[in-house]
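For reference, the chains in residue letters:
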Amino acid sequence: MEPLQARIASALRAVVNPRTGADVVSSDMIRDVGVTTEGRVRLTVLLAAQDPASLVRSVRQAVEAVEGVADVRVDVKDPAQARRTPEPAAAPAPAPAPAPGSGRALPVMGQEPQSRRAAVPAPTPVEYPNLGRILAISSGKGGVGKSTVAVNLAVSLARGGARVGLMDADIYGPNVPRMMGIDEAPPVVGDRIKPLQAHGVKLMSLGFLIERDQPAIWRGPIVMKIITQFLRDVDWGELDYFLVDMPPGTGDAQLSLVQATHVHGAVIVTTPQPVATGDALRGARMFQRVSVPVLGIVENMSWLECGRCGERTPLFGSGGGQALADELGVPLLGEIPIYPAVRSGGDEGVPIVLTEPESAAARALADTAHRVAEAVGRAQAA
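So, a few notes on the structure that sits alongside this text. The residue numbers shown here count from 1 along each chain, following its written sequence. Thresholds applied to this predicted model are a pLDDT of at least 70 for local features of residues and 80 or more for the giving and counting of side-chain atom pairs; totals over whole chains, interfaces and linings are not thresholded and use all residues. Side-chain numbers come from the whole structure's heavy atoms, not from hydrogens or water.

Quick look at the overall build of the protein chain now. Helix and strand assignments follow DSSP, with helices taken as H or I runs no shorter than four residues and strands as E runs no shorter than two, numbered in order from the N terminus. When helices and strands are tallied, the protein chain shows 11 helices and 14 strands. When each of the 382 residues of the protein chain is scored for burial, the buried share is 52%. Contacts are residue-level and defined by heavy atoms, with any inter-residue pair within 4.5 Å sufficient. Summarising the internal contacts of the protein chain: among those between residues at least 6 apart in sequence, 75% fall at separations of at least 24. For every accessible area listed, the method is Shrake-Rupley and the probe measures 1.4 Å; residues are considered covered only by the protein chains on display. Looking at the protein chain as shown, the accessible area adds up to about 17500 Å², and 51% of this sits on carbon and sulfur atoms. Using a 1.4 Å probe on the protein chains alone, a residue whose accessible area is under 20% of its type maximum counts as buried, one over 50% counts as exposed, and one in between counts as partly exposed.

Written as C-alpha cells, this is what we have:
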C-alpha cells in the first residue's frame, strides 16, 4: 500500500476548484501538510476571495475518507497573507514523490522557504443598494434570544408589506433554518445563489450548506469570505430591509460585516440581568467604534406573566434594558415577555408573530419591528 502521505495527495488531486477547473494540488492551494504516525493530519487551504467557501469542506471530506486518517484539521488563509513557516504542532513528514503524470508534489510544511507576510490593506466596504437598509441584529452574549428576535422582526416587517431578507451570519450556531422551518440546499442559477424563502422572508444561512452536526472551526479569513459571498453572490433581488443575525460577541463576524459593506444600524438584544447588559454594552460600543449607529435596545425575557392572574414576575431582574439604553443614549425599542409558545414556535419553524399574533409576546415583537422601522427612518433622515 502507498504511504499515507501519498494517498492523501491522491485524494486531494481529486478535489477540483469549480472556479478554475484545476485540482487544489496542482493550483498550489494546499500548504503546510503534516501527518503524524497516529494518522492526525493538519493542512492549510489558500482560499482566494473568488473561490467558493464549500471548497474547504470538500478538502476536509476528501482527506477524512483516506484509509488511515484518524483526524483532520484544516486551516484557511488568504493567499496574500499566507506564510510558509514550519508548524511545530504536528510533525512534518517526507514529501511524497509525485505520481507519474500527476504534476507537482504535494508541498509539506517545513520544506518551503520563509516569506515575509504581505501587507494587506483593510478592505473597502462595498455598497449594495439593492439590499435596502442593512441592519445587524447583535448581542453581547449567547442565550439572550437574539435569533428569536431577528426572525420575528423579519417576519413582522414582511407582514407589514416590506421586502425583507434575513442573512444568518452566526456561522458557529446557524439557527435561522430551524426557526424559519426550512432546511434544504439553495439552488444555484448561473453563478448566483438563489435565497430560500419562508413566511415572506428571503433567507440565506450557512446551515443550508453544511451538515447539521458539522462544527464551524474557522478563523477570520474564512468568516470574512462567507459573509462577503452571502452579500455578493446571493441573488437577493430588491429589498427594503436586510437583517443580519450576528453571532454573539464582538469578533470576526461583526468586523467582517462592517468591512464588507455599509451597515446602516445595529439593534442590540439583551436580557435584563447585569451580566447580559454588561456584555451588550461592549457589543454596542464596538459598533459605535466602527461608525455603525446603534438604533436601540431590545430587552428579551423581560418578565413572566401569570396565565391566571396576569401578575408579572421579572425572573431575570428588571430595568436592565432601559438602563443600557439610557447609558448609550438610544431608545429602548421593545420589552419582550417570556412566553413558552415563543420557544416552541422557534423549534417548530413558525415564529410566534404568525402562530399567536394576539399574544403579549407577539404584540411586543410586532411593536418592536415598527419601532425599528421608525428608528431606521430617523437615522436615514439624520
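Turning our eyes to something else, we now look at the packing of aromatic side chains. Pairing of aromatic side chains requires ring centres within 6.5 Å, counting the rings of Phe and Tyr and the six-membered ring of Trp. Pairs whose planes differ by under 30 degrees are stacked, by over 60 edge-to-face, and all others tilted. Scanning the entire structure with this criterion turns up 1 aromatic pair. Considering the side-chain rings of W236 and F242, the 4.9 Å spacing of their centres and the 80° angle between planes classify their relative orientation as edge-to-face. F242 shares its class with W236; the two are buried. For a ring to carry a charge above it, either NZ of a lysine or CZ of an arginine must fall within 6 Å of the ring centroid while also lying within 35 degrees of the normal to the ring plane. Across from the ring centre of W303, 3.8 Å away, lies the NZ or CZ of R312, which sits over that ring.

A few words on helix α8 (residues 320–328). When we look at burial in α8, the residues that qualify are G320, G321, L324, A325 and L328. End-on view of α8: buried residues confined to an arc of 135°, all on one side of the axis. In the core, the buried residues of α8 are packed alongside β11 (265–270), α7 (274–289), β12 (294–305) and β14 (332–338). The positive-phi residue at the C-terminal boundary of α8 is G329, with phi of around 75°. Each C-beta atom gives one direction from the helix axis, and the arc is the one those directions make.

What follows concerns the environment of F242. Examined against the element boundaries, F242 turns out to sit in strand β10 (residues 241–245). Separated by 77 residues in the primary sequence, F242 and G165 have C-alpha atoms spaced 4.7 Å apart. Sequence-distant contacts of F242, that is, excluding residues within four places in its chain, are made with L131, R133, I134, L135, G165, M167, L231 and W236.

We now examine the pattern of salt bridges. Note on definitions: salt bridges are taken to be side-chain nitrogens of Lys or Arg within 4 Å of carboxyl oxygens of Asp or Glu. According to the stated counting rule, one finds 12 salt bridges in the structure shown. Among the salt bridges present, the one from R73 reaches D75, with a minimum N-O distance of 3.4 Å. Since its relative accessible area comes to 37%, R73 is described here as partly exposed. We note a salt bridge from D235 to R192, for which the minimum N-O separation is 3.9 Å. Of this pair, D235 sits in the loop between α5 (220–232) and β10 while R192 sits in strand β7 (residues 192–193), and the two are 43 residues apart along the sequence. Classification of D235 by relative accessible area gives partly exposed; the value is 27%. Several salt bridges share partner residues, and in doing so they unite R42, R73 and D75 into one network.

Residue pairs three or four apart in sequence face the same way in an α-helix, which turns once every 3.6 residues. Along helix α1 (residues 4–13), 9 of the 10 residues are buried, which leaves the element largely enclosed by surrounding structure. Burial in α1 covers these residues: L4, Q5, A6, R7, I8, A9, A11, L12 and R13. Summarising the contacts, the buried residues of α1 are in contact with β1 (30–35), β2 (40–46) and α2 (54–64).

Considering the arrangement of structural elements, one finds L255 in helix α6 (residues 252–260). Along the primary structure L255 and V290 are separated by 35 residues, whereas in three dimensions their C-alpha atoms are 8.4 Å apart.

A few words on the packing of helix α3 (residues 146–159) against helix α11 (residues 360–381). Two quantities define a packed helix pair, namely the angle between the axes and the distance from one axis to the other. The angle between two axes is taken between their N-to-C directions and runs from 0 to 180 degrees, where each axis is a line fitted to C-alpha atoms and a helix contributes only its stretch in contact. As a packed pair, α3 and α11 sit with axes 9 Å apart at the nearest point and diverge in direction by 75°. Here α3 lies roughly perpendicular to α11, going by the angle between them. Seen from α3, the contacting residues are V149, N152, L153, S156 and L157; seen from α11, they are L365, A366, T368, A369, V372 and A373. The nonpolar class holds Ala, Val, Leu, Ile, Met, Phe, Trp, Tyr, Cys and Pro. Asp, Glu, Lys and Arg form the charged class, and all remaining residues, Gly among them, are polar. Along the lines of polarity and charge, the residues of the contact of α3 with α11 split into 8 nonpolar, 3 polar and no charged. Oblique is the label for every angle not falling under 35 degrees (roughly parallel), over 145 degrees (roughly antiparallel), or within 65 to 115 degrees (roughly perpendicular).

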